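Observations on the three-dimensional arrangement
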There are 2 protein chains.
Amino acid sequence: MSDCIFCKIIDGEIPSYTIYEDEDFKVILDAFPGALGHTLILPKEHIADVFCMDSLKLGLIHQLAGKIAEAIKDVCHCDGVNILQNNGIAAGQTVFHYHIHIIPRFDDDGMRFGWATKKFSNEELESIRVLLTKKI
Amino acid sequence: MSDCIFCKIIDGEIPSYTIYEDEDFKVILDAFPGALGHTLILPKEHIADVFCMDSLKLGLIHQLAGKIAEAIKDVCHCDGVNILQNNGIAAGQTVFHYHIHIIPRFDDDGMRFGWATKKFSNEELESIRVLLTKKI
């Protein structure tokens, strides 16, 4: 897509630190990293988010993410790794081309991926459980 | 594993709000949710983290995650969805049985999945790029 920064990176119009690429995917260092080795995996096709990904590609990109996570653990000697994929502005997505973050984590690195635990009634939980079950 | 809380949930020893299960996976509502509909996907086999997952299972569990994300979007009428998988204490993993969080997000819900952008020299970035490339 002509105004998509990730499409421009995939096309080589914007330079990137490229770790890997094949016919379907490109793996680059994040230009706005939380840590050295923070990596993004992109499908080459312009796909906005997880809701637009076909199932086969979703499986393949996460198999690749597993390999990248392993490489990051080995190379960065980190204490942990987050694999994060955001969909929608409310979820922190800033580029509307599907991407997976692989983030090396270190003890006391100050990053936080958390939430305040919320309380719901048994009725609310059972009601949402039934609705979700019906959709799957 | 006898002292793993997720294994106990999978075995039915500890109750859960179960959305879906098949031979390989169980999908439940998170007992400590950030939002109503916050879901966990678990492999039934006790697997500690992404580094211990085989590639086939990794693909399959994320294909299932895609379906769950879609169901959550439809049922919860949320503005976004995070798909998050933590590996290691430093990354926020608290139960050492691989799991994927699917988190419905709403505008201004106060959750934050972010990091302070760090700056690295071109030499540092190129050096880590080369090391990662060699590992893949």
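Residues numbered from 1 in each chain as written. Chains lettered and ligands numbered in written order. Predicted model: local features only at pLDDT ≥ 70, side-chain atom pairs only at ≥ 80, totals over all residues. Heavy atoms only, no water.

1. Focus: the pattern of salt bridges
Residues and elements named next belong to chain A.
- Applying the stated rule across the entire model yields twelve salt bridges over all chains.
- Here Lys 26 ties to Glu 21 by a salt bridge, and the two come within 3.8 Å at their closest N and O atoms.
- Here Glu 126 ties to Arg 129 by a salt bridge, and the two come within 2.9 Å at their closest N and O atoms. With Glu 126 and Arg 129 both in helix 3 (residues 122-135) and three residues apart, this pair spans about one turn of that helix.
- Salt bridges sharing common partners tie together Glu 21, Lys 26 and Lys 44. (Salt bridge = Lys/Arg side-chain N within 4 Å of Asp/Glu carboxyl O. Helix = DSSP H or I, 4+ residues; strand = E, 2+ residues; numbered from the N terminus.)

2. Remarks on the packing of aromatic side chains
- Inspection of the entire model under this criterion finds two aromatic pairs over all chains.
- Note that Lys 73 of chain A overlies the ring of Phe 51 of chain B, its terminal NZ or CZ placed 4.4 Å from the centroid. (Phe/Tyr/Trp six-rings, centres within 6.5 Å; stacked < 30°, edge-to-face > 60°. Lys NZ or Arg CZ within 6 Å of the ring centre and 35° of its normal.)

3. Structural notes on the nonpolar core
- In this structure, Ile 41 and Ile 102 of chain A together with Ile 41 and Ile 102 of chain B are the most contacted members of the largest nonpolar core, which totals 56 residues.
- Apart from the residues within four sequence positions on either side, Ile 102 of chain B is in contact with Gly 37, His 38, Thr 39, Ile 41, Ala 65, Ile 68, Ala 69, Ile 72, Val 81, Asn 82 and Ile 83 of chain B.
- If you look at the next biggest cluster of nonpolar residues, it comprises twelve residues, including Ile 103 of chain A together with Ala 35, Leu 84 and Ile 103 of chain B. (Core = buried A, V, L, I, M, F, W, Y, C linked by side-chain atoms within 4.5 Å. Buried < 20%, exposed > 50% of the residue type's maximum accessible area, 1.4 Å probe, protein only. Contact = heavy atoms within 4.5 Å.)

4. Let's talk about the interface of chain A and chain B
- Each side of the interface is counted separately: chain A has 70 residues, and chain B has 70 residues.
- Regarding the contact of chain A and chain B, the summed buried area is about 6100 Å², with carbon and sulfur atoms giving 69% of it.
- Viewed at the interface, chain B and chain A are joined by two salt bridges.
- One salt bridge in this structure joins Asp 74 of chain A and Lys 135 of chain B, with 3.7 Å as the shortest N-O distance.
- Along the contact surface separating chain A from chain B lie 25 residue pairs in polar contact (both at pLDDT 80 or more).
- Looking at the side of chain A that touches chain B, the elements with two or more residues in it are strand 1 (18-21), helix 2 (55-76), strand 4 (80-87), strand 5 (100-105), strand 6 (112-114) and helix 3 of chain A.
- Here the side of chain A that touches chain B gets 16 residues from one element, more than from any other, and that element is helix 2 of chain A.
- Residues that form the side of chain A that touches chain B fall into these classes: 35 nonpolar, 21 polar and 14 charged.
- Strand direction decides the pairing type here: strand 4 of chain A and strand 4 (residues 80-87) of chain B, joined by seven bridges, are antiparallel. Looking at strand 4 of chain B, one finds that Leu 84 of chain A is bridged to Leu 84 of chain B. (Buried area = accessible area lost by both parts, 1.4 Å probe. Polar contact = N/O pair within 3.5 Å; in protein donor to acceptor, adjacent residues only side chain to side chain. Nonpolar A, V, L, I, M, F, W, Y, C, P; charged D, E, K, R; others polar. Pairing = 2+ DSSP bridges.)

5. Side note on the pairing of strand 4 of chain B
All names here are of chain B.
- Of all eight residues making up strand 4, eight are buried, and the element is well covered by its neighbours.
- Here strand 4 shows a buried face lined by Gly 80, Asn 82, Leu 84 and Asn 86 and a second buried face lined by Val 81, Ile 83, Gln 85 and Asn 87.
- Where strand 4 and strand 5 (residues 100-105) come together, five bridges link them in antiparallel fashion. Residue pairing for strand 5: Asn 82 is matched across the bridge by Ile 103.

6. Focus on the confidence of the model for chain A
- Of the residues in chain A, 100% have a pLDDT of 70 or more, and the chain-wide mean is 96.
- Among the scores for the predicted complex, ipTM is 0.97 and pTM is 0.97. (pLDDT = per-residue confidence, 0-100.)

7. Quick word on the sheet that holds strand 5 of chain B
- Taken in spatial order, the ten strands make up an open sheet running 1(A)-2(A)-3(A)-5(A)-4(A)-4(B)-5(B)-3(B)-2(B)-1(B), and their pairing is antiparallel. Two strands close off the open sheet at either side, each with one partner strand: strand 1 of chain A together with strand 1 (18-21) of chain B. Averaged over all pairs of adjacent strands, the angle between strand axes in this sheet comes to 15 degrees, irrespective of strand direction.
- Across three bridges, the pairing between strand 1 of chain B and strand 2 (residues 25-29) of chain B is antiparallel. Counted as the bridge partner of Tyr 20 of chain B is Val 27 of chain B from strand 2 of chain B. (Axes fitted to C-alpha atoms, helices over the stretch in contact; angles between N-to-C directions.)

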